[in-house]
Amino acid sequence: MSLNLSKSEAAFEAAKELMPGGVNSPVRSYRSMGSTPPFIARAKGSRIYDIDGNEYIDYVGSWGPMVVGHAHPEVVQAIQEAATRGTSYGAPTLIESELAELVMKIYPSVERIRMVNSGTEATMSALRLARGYTGREKIVKFIGCYHGHSDSLLVKAGSGLATFGVPDSPGVTAGVAKDTITVPYNDVEAITKVMEEQGDAIAAVIIEPVAGNMGCIPPKQGYLQKLRELTQQHGALLIFDEVMCGFRASLGGAASAYGIRADITCLGKIIGGGLPVAAYGGKAEIMDCVSPAGPVYQAGTLSGNPLAMTAGITTLSILMREEEGQPDKSRQLTLKTKDVVMGWTAAAKEAGVKIQAHQAGSMFGIFFAEHEVCDYETAAAADQEAFKIWFHAMLEQGIYLAPSQFETIFMSLAHSDEDIEKTIAAAGAAFRKVRESRR
Ligand SMILES: *Cc1c(COP(=O)(O)O)cnc(C)c1O
């Protein structure tokens, strides 16, 4: 590579002696790309800077949360002010209610909410609640959907595992795995059959309503509606894991974009504005089963942390703010994203490279494939080698993308028209490189 990453290379070697694989979360390691991850020194707006002084236009956005851009002045100021009042109390605060009310305004299906610290915790707790509420044990998940790394959900779980080619993690017992039924995404027949055969044993069907962890794969027309009908018919709960697509598929996430009311919704990433927050919420009758209102136990020392609540409130407030003569922020994000998707599509065509480009609001992604990509199997059949060449060509031109075709790309409000033009031009050169490698 022409990019100078010498400091990152040294730092990575040292980190490998300190942390497994040198990282605190696997996909960051660039292992499947066979290269060294830039070590990050700082970020501002749409830009991220590594310790070698390289500057990149960032489309990872900390894997989703940074929707208003990095170090947004309002967010930074709000966190600084909050910190002077103390960083944690472990007691009720007004700002927890403020964030709860804000989320409920955006998600009408959320009548009660519980804040937690990670998406993993949100989905794990939502499952426990669904099982406690229904008195049933089985859950259904979709192959390639990722819902965090709790045992029950670490079965056929998309990006991280897919990137490393691990079907399921060792350490998940057969006893736990047997209560998780997996079916292909976007396949009405498969889920109908499972519900008909085992519906009365199923506590919940959990789905990423816009899949983002096998690459970006939106639901087919009518698919989520069908899930809503089937779950209702069989007395199972429908859990929307909107940890990624929340506030992105539209302001009101997939629920609003597709007009579906889930029984329980899991949120994360954007809701914390870059600090560790996630949440699960839903119908009051169901949520009131959670401790101490009800018997389903769930707790957290740092849950509702004042700095994190502040970052979340400020980020969501910026997203919801309307400006005279401007389309709303969610629309702005969608339009910026569309520009990139259309630009890349045209550039790929010009270079003679076949891609499938997908978009849902401010989430997007491409697959190097001629075939339609609608589930894990078709995503996995896309050309990984082509992606690898393209990814490195983009990085060398200063475009920072997630190092896997199974990840989603994220737009932020901080991305300027110039950023987008640069991103499209870089993609053109990268597609030509893919084309040349295929000769
Ligand atoms: C990121 C993600 C999670 C896990 O969230 P963590 O905060 O990483 O634990 C769960 N579900 C979906 C859909 C996600 O994208």
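Shown above is the structure to which this text applies.
Residues numbered from 1 in each chain as written. Predicted model: local features only at pLDDT ≥ 70, side-chain atom pairs only at ≥ 80, totals over all residues. Heavy atoms only, no water.

A. Quick look at the pairing of strand β12 (residues 363-367). Counting buried residues in β12 gives five out of five residues, a clear majority hidden from the surface. Covered by surrounding structure in β12 are M363, G365 and F367 together with F364 and I366, the residues of both alternating faces. Where strand β11 (residues 356-360) meets β12, five bridges bridge the pair, whose relative direction is antiparallel. The residue of β12 that forms the bridge with Q359 is F364. Hairpin connection between β11 and β12: a loop of two residues separates the two successive antiparallel strands, and G361 in this loop has a positive phi of roughly 60 degrees. Here two bridges tie β12 to strand β14 (residues 409-410), and the two strands are oriented antiparallel to one another. Residue M363 lies in a different strand from β14, and its bridge partner there is F410. (Buried < 20%, exposed > 50% of the residue type's maximum accessible area, 1.4 Å probe, protein only. Helix = DSSP H or I, 4+ residues; strand = E, 2+ residues; numbered from the N terminus. Pairing = 2+ DSSP bridges.)

B. Focus on the pattern of salt bridges. Inspection of every chain in the model, using the stated rule, returns 13 salt bridges. A salt bridge links R261 to E111, with the nearest nitrogen and oxygen atoms 3.5 Å apart. With R261 in the loop between α9 (253-258) and β9 (264-267) and E111 in the loop between α3 (94-106) and β4 (112-116), this pair connects stretches of sequence that are 150 residues apart. Owing to a relative accessible area of 35%, E111 belongs among the partly exposed residues under this scheme. Among the salt bridges present, the one from E323 reaches K329, with a minimum N-O distance of 3.1 Å. Residue E323 is classed as partly exposed on the basis of its relative accessible area of 41%. By relative accessible area, which is 8% here, K329 ends up buried. Salt bridges sharing common partners tie together R47, E55 and D419. (Salt bridge = Lys/Arg side-chain N within 4 Å of Asp/Glu carboxyl O.)

C. Region of the structure containing a positive patch on the surface. Taken together, K349, K354, R435 and R439 make up a surface patch of like positive charges. Among the secondary structure elements, R435 is positioned in helix α15 (residues 417-437). Given a relative accessible area of 33%, R435 falls into the partly exposed group. (Patch = residues over 30% accessible without salt bridge, like charges linked within 9 Å, V, L, I, M, F, W, Y side chains within 5 Å. Areas by Shrake-Rupley, 256 points an atom, 1.4 Å probe, with all protein chains shown as cover. Lys, Arg positive; Asp, Glu negative; His and termini not counted. Charge placed at Lys NZ, Arg CZ, Asp CG, Glu CD.)

Interpretation in functional terms is not warranted from these geometric data alone.
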